[in-house]
Amino acid sequence: MNGFVAALKAELYVTLRSTSARLVLFLPAIIVTVRAIVVKLSETGQEARDALLGQGATTTSNNAWGPLVDSFSTGLTLLSLSLVAYAAWTFANDRDTGALRHVLIRRVSRMGLVLAKLLTVFLLALATLGLMSAAIGIITAMLWDFGPVVEDGYELISSAEIRTEVALGLRLAIIPLPAALAFGLLVSVLAQSATQAVTSALGITLAMDIFKGVLGERAYYLYASFQPSLIDQSYLQDVSRLVRGYSDVMIDNRVLQLNEWVPFPEALMFIVLALLIVRRKTL
């Protein structure tokens, strides 16, 4: 596509020097690290109180798998919201500042520019996810011990089984992320200003989070139902209970299949709509 490579180089150059991009990159890692420290301090205080009262600590209190999964749930929630806001801001802000018109004059096509911005946001998401994952792995390993779930001397879940479930939960939680980013960029193309784009993208995202609980099974055809969020219904939430030894977690394989297949066509739909709209929209 005409000018795509030039537009991508320009976007990467700006992103690497953008304060907003740096904030999106480092904020999730910082927050999950601070959260893990606060959780450990709270657990230590509770154990001290239990010792004074003569009560024994639970056998899973020092197991790292639960805090690990909880950290990923918190981090992915923050990551998705911040990246949706950034995706909504990027195109609309360039239009507000006049940078968009300057780029188009340089013979970069509108569709090429949208795709370049989308790819840049995807790369930023990968970098943010990698940094956050490294921070979570390091801090949980420092504060807790990874091991099987044991109760009364019996091993309920082995470490190998836990790793399998955690890997599945993370994969299913990450799959909806491209659809969320594509939606943010679509809103950016539709909006009249950067402020309107960010508030609309976040508002609609939070609205989907609220209403997915009342949609019943129809919510499973919405990508937002499968990503960690403030009202979490993702499989990662079930994994958080599994790694703590709860046996009452019900797993619906049909829902897991929908988790794998629904977000991709929705992401493609958002991208196609953004490309079609930008061709006709007055910039």
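Residues numbered from 1 in each chain as written. Predicted model: local features only at pLDDT ≥ 70, side-chain atom pairs only at ≥ 80, totals over all residues. Heavy atoms only, no water.

Caption draft 1: Just the environment of N62, in detail. Along the chain, N62 falls in the loop between α2 (19-53) and α3 (65-97). Given the relative accessible area of 32%, N62 is considered partly exposed. Separated by 81 residues in sequence, N62 and L143 have C-alpha atoms that sit 8.4 Å apart. In this structure N62 touches K40, L143, W144 and D145, once residues within four positions along its chain are discounted. A distance of 3.3 Å separates polar atoms of two side chains, one belonging to N62 and the other to K40. (Helix = DSSP H or I, 4+ residues; strand = E, 2+ residues; numbered from the N terminus. Buried < 20%, exposed > 50% of the residue type's maximum accessible area, 1.4 Å probe, protein only. Contact = heavy atoms within 4.5 Å. Polar contact = N/O pair within 3.5 Å; in protein donor to acceptor, adjacent residues only side chain to side chain.)

Caption draft 2: Molecular detail of the packing of helix α1 (residues 4-16) against helix α5 (residues 110-143). The interhelical angle for the contact between α1 and α5, taken along N-to-C directions, is 40°, at an axis separation of 8 Å. What the angle tells us is that α1 and α5 run oblique. Along this stretch, α1 crosses α5, giving a crossing that reads as right-handed. On α5, the residues touching F4, A7, L8, E11, L12 and T15 of α1 are G112, L113, L115, A116, K117, L119, T120 and L123. Its residues placed into classes, the contact of α1 with α5 shows 9 nonpolar, 3 polar and 2 charged. (Axes fitted to C-alpha atoms, helices over the stretch in contact; angles between N-to-C directions. Parallel < 35°, antiparallel > 145°, perpendicular 65-115°, else oblique. Left-handed = near helix turned anticlockwise from the far one by under 90°. Nonpolar A, V, L, I, M, F, W, Y, C, P; charged D, E, K, R; others polar.)

Caption draft 3: Highlighting the packing of aromatic side chains. Applying the stated criterion to the full structure yields 5 aromatic pairs. Both rings, one in Y220 and one in F226, keep their centres 6.4 Å apart while their planes meet at 20°; by these two values the pair is stacked. Residue class for F226 comes out buried when judged on its relative accessible area of 3%. Here the aromatic residues F183, Y223 and F270 are joined through ring pairs into a cluster of three or more. Across the ring face of Y13, the terminal group of R17 is positioned such that the distance to the ring centre comes to 3.8 Å. One residue, R241, lies across the ring of Y246, its end atom 4.6 Å from the ring centre. (Phe/Tyr/Trp six-rings, centres within 6.5 Å; stacked < 30°, edge-to-face > 60°. Lys NZ or Arg CZ within 6 Å of the ring centre and 35° of its normal.)

Caption draft 4: Broad picture of the pattern of salt bridges. In this structure the tally under the stated criterion is 6 salt bridges. When the shortest N-O distance is used, the salt bridge between K117 and E11 registers 2.9 Å. Here E11 lies in helix α1 and K117 lies in helix α5, a separation of 106 residues in the sequence. A salt bridge links R244 to D70, with the shortest nitrogen-to-oxygen separation between them at 2.5 Å. Here R244 is found in the loop between α9 (235-242) and α10 (253-261), whereas its partner D70 is found in helix α3, with 174 residues between them in sequence. Taken together, the salt bridges that share partners define one network made up of E11, D94 and K117. (Salt bridge = Lys/Arg side-chain N within 4 Å of Asp/Glu carboxyl O.)

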